Amino acid sequence: MSLLSVEALSLSIGGTPILHDVSLAVGPGEILGVIGESGSGKSMTALAIMGLLPRGSRARGRILLSGRDLMPLSDREMCRIRGAEIGMVFQEPMTALNPLRTIGDQVAETVLQHRAAGRGEAMAIARAALERVELPPDRFPPGRYPHELSGGQRQRVVIAMAIALRPKLLICDEPTTALDVTTQAQILKLLKGLVAEQGMGMMFITHDLAVVAGLADRIAVMRDGRVVEDGPTRQLFAAMRHPYTRALRDASAHRPQRSRRSPGTPLLEVRGAVRDYRLPRRSLLGPVPVFRAVDHVSLTIRRGENLGLVGESGCGKSTLTRAILGLEPLQGGVIELDGQRIDAAAGVPPALRRRMQVVFQDPYGSFDPRWRVGRLVAEPFHLVRPRPGAAEIERAVAEALEAVGLSAADRRRFPHEFSGGQRQRIAIARALVTRPELILLDEAVSALDVRVRAQILDLLAELSERFGLSYLFISHDLSVVRAITDRVLVMKAGRIVEEGETEQVFAAPRHAYTRELLAATPRLEDALAAPADG
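Not measured: the values here are computed from a predicted model.

Description of the overall build of the protein
Then, number 1: Assigned secondary structure in the protein consists of 20 helices and 20 strands.
Then, number 2: With the C-alpha coordinates aligned to their principal axes, the bounding extent of the protein is approximately 70 × 65 × 45 Å.
Then, number 3: Looking at the 534 residues of the protein, the share that counts as buried comes to 52%.
Then, number 4: Of the contacts made within the protein by residues no fewer than 6 positions apart, 70% connect residues no fewer than 24 positions apart.
Then, number 5: Here the protein has roughly 23700 Å² of accessible surface; of this, 50% comes from carbon and sulfur atoms.
Then, number 6: Looking at the protein, you have 70 positive and 61 negative side-chain charges, and the mean spots of the two groups are 3 Å apart.

What about the domain arrangement of the protein?
Then, number 1: Partitioning the protein into domains gives domain 1 (1-85 + 169-253), domain 2 (97-166) and domain 3 (265-528).
Then, number 2: Between the C-alpha centres of domain 1 and domain 2 there is a distance of 25 Å.
Then, number 3: Both faces combined, the contact of domain 1 with domain 2 buries some 1200 Å², and carbon together with sulfur accounts for 63% of it.
Then, number 4: At the junction of domain 1 and domain 2, the tally comes to four residue pairs in polar contact (both at pLDDT 80 or more).
Then, number 5: Looking at the side of domain 1 that touches domain 2, the elements with two or more residues in it are helix 2 (75-81) and helix 7 (181-198).
Then, number 6: Sorting elements by how many residues they give to the side of domain 1 that touches domain 2 places helix 7 first, with eight residues.
Then, number 7: Each residue belonging to the side of domain 1 that touches domain 2 can be placed in one class, and the counts come to ten nonpolar, four polar and three charged.

Things to note about unusual backbone geometry
Then, number 1: Along the chain, Arg385 connects to Pro386 via a cis peptide bond; the corresponding omega equals -5°.
Then, number 2: Here Pro386 shows up in the loop between helix 13 (373-378) and helix 14 (390-403).
Then, number 3: Even without glycine at this site, Ala8 takes up a positive phi of about 50°.
Then, number 4: Tracing the backbone shows Ala8 in strand 1 (residues 4-13).
Then, number 5: With phi around 50°, Ala493 is a residue other than glycine that occupies positive phi space.
Then, number 6: Here Ala493 is to be found in the loop between strand 19 (487-492) and strand 20 (495-501).

A short note on the pattern of salt bridges
Side-chain pairs of opposite charge can arise where the charged atoms are in close proximity.
Then, number 1: For the structure shown, the criterion picks out 35 salt bridges.
Then, number 2: Residue Arg413 pairs with Glu417 through a salt bridge whose shortest N-O separation is 4.0 Å.
Then, number 3: Relative accessible area serves as the criterion here: at 29%, Arg413 is assigned to the partly exposed category.
Then, number 4: Among the residues examined, Glu417 registers a relative accessible area of 38% and is labelled partly exposed.

Observations concerning the packing of aromatic side chains
Then, number 1: Under the defined criterion, the tally for this structure stands at zero aromatic pairs.
Then, number 2: Here the guanidinium or amino end of Arg275 rests over the ring plane of Tyr277, the centre of that ring lying 4.4 Å away.
Then, number 3: One cation-aromatic arrangement involves Arg413 over Phe418; the distance from NZ or CZ to the ring centre is 4.2 Å.

Side note on the packing of helix 7 against helix 19 (residues 512-520)
Then, number 1: As a packed pair, helix 7 and helix 19 sit with axes 8 Å apart at the nearest point and diverge in direction by 50°. When the interaxial angle is binned, helix 7 and helix 19 end up oblique. Here the hand of the crossing between helix 7 and helix 19 comes out left-handed. The segment helix 7 lies against helix 19, with Val181, Thr182 and Ala185 engaging Glu516, Leu517 and Ala520.
Then, number 2: For the contact of helix 7 with helix 19, the class distribution of residues is four nonpolar, one polar and one charged.

Things to note about the layout of surface pockets
Then, number 1: Size it by volume and the largest pocket reaches roughly 1100 Å³.
Then, number 2: When residues of the lining of the largest pocket are traced back to their parent elements, those giving at least two are helix 3 (93-96), helix 6 (151-163), helix 7 and helix 11 (317-324).
Then, number 3: Looking at the lining of the largest pocket, its residues break down into twelve nonpolar, 16 polar and eleven charged.
Then, number 4: There is about 840 Å³ of room inside the second largest pocket.

Observations regarding empty space enclosed by the protein
Then, number 1: A full pass over the atoms with the stated rule returns one cavity of 30 Å³ or more.
Then, number 2: Volume-wise, the largest cavity comes out at about 30 Å³.
Then, number 3: Around the largest cavity, the lining residues are Val310, Leu478, Val488, Val490, Val505, Phe506, Thr514, Leu517 and Leu518.
Then, number 4: For the lining of the largest cavity, the elements supplying multiple residues, two or more each, are strand 19, helix 18 (502-507) and helix 19.

Topic: helix 6
Then, number 1: In a regular helix each residue adds 1.5 Å, so 13 residues correspond to 18 Å; helix 6 covers 19 Å between its end C-alpha atoms and thus fits that length.
Then, number 2: The buried count for helix 6 comes to eleven of 13 residues, which makes it a mostly enclosed element.
Then, number 3: Buried residues of helix 6: Gly152, Arg154, Gln155, Arg156, Val157, Val158, Ile159, Ala160, Met161, Ala162 and Ile163, and no others.
Then, number 4: Along its buried surface, helix 6 packs onto strand 6 (86-89), helix 3, helix 4 (103-114), helix 5 (119-132), strand 7 (169-173) and helix 7.

Some points on the pairing of strand 7
Then, number 1: For strand 7, the buried fraction is high: five of the five residues fall into the buried class.
Then, number 2: Taken together, the four bridges between strand 6 and strand 7 define a ladder with parallel strand orientation. Following the sheet pairing, Met88 is matched in strand 7 by Ile171.
Then, number 3: Handedness of the strand 7-helix 7-strand 8 (residues 201-206) crossover: right-handed.

A word on the sheet that holds strand 1
Then, number 1: The strand order 2-1-4-5 describes an open sheet built from four strands, whose pairing is antiparallel. Every other strand in the sheet has two partners, leaving strand 2 (16-26) and strand 5 (68-69) as the edge strands with one partner each.
Then, number 2: In the sheet, strand 1 pairs with strand 4 (residues 57-65) via eight bridges, with the strands oriented antiparallel. Residue Glu7 lies in a different strand from strand 4, and its bridge partner there is Arg62.

Criteria and thresholds
Residues numbered from 1 in each chain as written. Predicted model: local features only at pLDDT ≥ 70, side-chain atom pairs only at ≥ 80, totals over all residues. Heavy atoms only, no water. Helix = DSSP H or I, 4+ residues; strand = E, 2+ residues; numbered from the N terminus. Buried < 20%, exposed > 50% of the residue type's maximum accessible area, 1.4 Å probe, protein only. Contact = heavy atoms within 4.5 Å. Areas by Shrake-Rupley, 256 points an atom, 1.4 Å probe, with all protein chains shown as cover. Lys, Arg positive; Asp, Glu negative; His and termini not counted. Charge placed at Lys NZ, Arg CZ, Asp CG, Glu CD. Domains from an automatic or database assignment. Buried area = accessible area lost by both parts, 1.4 Å probe. Polar contact = N/O pair within 3.5 Å; in protein donor to acceptor, adjacent residues only side chain to side chain. Nonpolar A, V, L, I, M, F, W, Y, C, P; charged D, E, K, R; others polar. Salt bridge = Lys/Arg side-chain N within 4 Å of Asp/Glu carboxyl O. Phe/Tyr/Trp six-rings, centres within 6.5 Å; stacked < 30°, edge-to-face > 60°. Lys NZ or Arg CZ within 6 Å of the ring centre and 35° of its normal. Axes fitted to C-alpha atoms, helices over the stretch in contact; angles between N-to-C directions. Parallel < 35°, antiparallel > 145°, perpendicular 65-115°, else oblique. Left-handed = near helix turned anticlockwise from the far one by under 90°. 1 Å grid on protein atoms, 1.4 Å probe; cavity = no way out; pocket = protein on both sides within 12 Å on 5 of 7 lines; lining within 4 Å. Points joined across faces, edges and corners; volume = space filled by probe spheres on them. Expected span 1.5 Å × (residues − 1). Pairing = 2+ DSSP bridges. Right-handed = clockwise from strand over helix to strand, strands pointing away.

Laid out in structure tokens, this is it:
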């Protein structure tokens, strides 16, 4: 008998059909991978299993956990099951954790909610759970707060909360999407080990085919609220009977067509950049400790060149990006754009700032949801002196939207009316509208599913050639950097440890850290070629 059996689950919200006869199963000690694009119904299926559907939902079908149908249960009855028999791990740990409570208290809260235990017993269980996810109390005291931990460590805390009471089933919804490759590899190894150790079933939701191929025993492929193909992992990828599965496979390996161009003169030059942060004193009269986030970094981006910057979280990539944008002062070194100095301490002139723009990972987080798209895209014009007239701005906004594959009429709509991929196109249009020479892309495609990511990479390659743009592409996804850049820099602990032409660095990495990053990067072919029990 399956541990979890979802039978002909259909769901509508406010009368709109969301899921259509979804059926899938997870056995004890088995990992089921659920893949599909954004909006395919993956997360809604998980929320239905957890009994966390939004108001206005109507569901039919059966959801059996160890033979017990969860569908007829009241919310009070489901509260006793959530956490005790079913645990869930979400994509963004910081939104799942309370920033005002210690990690020990938050793991212990799960115990107190479901077991008649005293606080001392609950804290003992919490410490044991934290130790199981490799956060031993001697190195990571339960009295720490979430902001004192790295992204990977926070995700481990969320996993500890989910497994504290040793549930039968663990549901993981994109738990590694926001993590760098080495941290992702550690979390995947941890999850696989917990399944083997506790004999629980796991439902792992992702859009990353390489990740799921190396982790899951079986896979279900979802599209438009339906399971279009399922089966054992190797058999599914060997056959790929459904065209949609083949389309996902092709998109995951997609590399945009780019003509080979000779780079022009230097556009951006960074020479010996140093950025220090003061830390709290350890004693009243002791010296002020300093953390060096950027340590004598030098780089050059030429006109029309795409440069990649890769490294783990905390290596200094984002700090360097903010310094280039004139948002962080340096304690040493020089940054120049086309010979003009960028100095955050002295202030960056609007005319210079206009020549470089940025596209962030989460476009929705960088948009004012109350503004229409036309106003959002026109925002950079506050840097242009003299400011163009309304008609000229409207014409430039229309051209920018059309350049990224949207229509001029879209300027009248709001951001929430677009998909994730379309919102990223709007963010790129905003970056393009004042015709900059350099665009910094900070994890710009890491949150997108594989087919949308392929479309955005094609768009970026086309725009680079059409407008002669230079890109600084910051990412922890090495496959993306390999697809879109001419040269790559590898950053570790604030320093550039390797640089060179992208293909050369990937084919023959010289530095041990570069080899470590490449080894940690999931590859679909490698996962399918590995021994079946590996």
